[in-house]
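# Residue-level structure breakdown
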Amino acid sequence: MTSPTNPKHPTSHTGPTDPTSPSGYTASAVPGLVTEHDGPLLRIRLDRPHKRNAFDDAMVAGLIGIIEAAGNDETVRAVLLTGTGEHFCSGFDIVSRNRGAANTGNGARPRAGSIARRLPGQAHRLVPVLLETQTPIVAAVRGWAAGLGLALTLAADVAVASDTARFLAPYTARGFTPDSGVSWLLPRRIGEVRARRMLLLGESVDGACAADWGMVDRCVPDDQLEAQAEQVAVTLAGGATVAVGLTKWLLHSGRDATLRAHLSDEALAMELSSRSEDFREGMAAFAQKRPTAFTGR
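Counting starts from 1 at the beginning of each chain's written sequence and moves along it residue by residue. Restriction of local features to residues with pLDDT of at least 70 applies here, the model being predicted, together with a cutoff of 80 or more for giving and counting side-chain atom pairs; totals for whole chains, interfaces and linings are based on all residues. Side-chain measures here rest on the full set of heavy atoms in the structure, leaving out hydrogens and waters.

## Considering the sheet that holds strand β7 (residues 166-168)
For two strands to count as paired, DSSP must find a minimum of two bridges between them. Secondary structure elements are taken from DSSP: a helix is a run of H or I of four residues or more, a strand is a run of E of two residues or more, and numbering for both begins at the N terminus. The strand order across the open sheet built from three strands is β5-β7-β8, with neighbouring strands paired in mixed fashion. A single partner strand is all that each edge strand has here, and the edge strands are β5 (144-146) and β8 (205-206). The sheet contact formed by β5 and β7 spans three bridges and is parallel. Note on β7: the bridge partner recorded for A145 is F167. Every residue pair with non-hydrogen atoms within 4.5 Å of one another is taken to be in contact. Only C-alpha atoms enter the line fits that serve as axes; for helices the fit covers just the stretch in contact. Angles between N-to-C directions range over 0 to 180 degrees. Here helix α5 (residues 148-155) sits on the sheet in contact with β5 and β7, set at roughly 90 degrees to β5.

## Remarks on the nonpolar core
Counting residues in hydrophobic clusters, the biggest one holds 54 residues, and the most contacted among them are F55, L152, F167, L186, M198 and M215. Apart from the residues lying within four places of it in its own chain, the contact partners of L152 are L46, F55, L63, L81, F88, L126 and L130. Side-chain atoms within 4.5 Å are what join buried Ala, Val, Leu, Ile, Met, Phe, Trp, Tyr and Cys residues into a set we call a nonpolar core. A 1.4 Å probe rolled over the protein chains alone gives each residue an accessible area, and that area as a share of the maximum for its type sets the label: buried under 20%, exposed over 50%, partly exposed in between. In terms of nonpolar packing, the next biggest core, distinct from the first, is built from 14 residues, A78, V138, V160 and A237 among them.

## Considerations on the side chain of R43
Assignment of secondary structure puts R43 in strand β2 (residues 41-46). Given the relative accessible area of 5%, R43 is considered buried. What qualifies as a polar contact is a pair of N or O atoms within 3.5 Å, subject to a donor-acceptor requirement within protein and to the restriction that residues adjacent in sequence count only when both atoms come from side chains. Only 3.1 Å separates the side chain of R43 from the side chain of D38, close enough to count as a polar contact. Within the structure, the side chain of R43 is placed 2.4 Å from the side chain of E230, a separation counted as a polar contact.

## A look at helix α6 (residues 182-190)
What α6 keeps buried is the set V182, L185, L186 and I190. All buried residues of α6 project into a common sector of 95 degrees when viewed along the axis, lining one side. In this structure, the buried side of α6 is in contact with α4 (123-132), α5, α7 (192-199) and α8 (207-213). G191, located one to two residues past α6, shows a positive phi value of around 95 degrees. Directions from the helix axis toward the C-beta atoms define the arc.

This is the structure we're talking about:
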């Protein structure tokens, strides 16, 4: 089974145009992306299986728009990111981009400097958006997660991997260098020695090894991937949304902060979260020895 669990009315979207609408994602098509807004959960599926869900420019721009919009949509409390078919994402389809550029009429490939011009507004914008949005993101990964697919896995808050998953940083083996923040994220997740094995030697890592190294949250049998990833996403979508979002912010901002600066951020987050309705509900449920019923407010 490769599609999201219990899909209802999936359509291609770029993001909500009316954040007050309970189903605010309109059918403004981005080929290769399918979204389903189901209550507090937004499912996003990479849908280009004939290319192992490799990204093109429109998909990168579309995913940026969807994540930014979801972060501003108070009806979205968690995001589940999956892929159609046997693979999560094989990276960016640079071959097709170059072929398209060569077929523009004059036969010219992109001129020198085009990568440095494009990346800041494309993949190098996507990864910070994933990391900095306070909406938690869960990735369900099967098959290949290479290049940008690896970056998406590392940028997710929780990644659940199938036992079919293979993680690859293919850069030096193809004669170029890492992008999409992989050389920043990978050593922070698995340590510098292991990151060097992947980045310099091009070693791939299977799902079980990725879980053992801490690259992903867990490795599960392939037939359990959707159910387990969905369970994590639903749990986050039903959590104390203000506290969850601020905790995600603390984890990300704390990577480069001094202790003193981070303690100041923690104080601010505590001040904000303790003013939320979910804080009052959490305290009441604790005192009354009952399950919480968070509303995300």
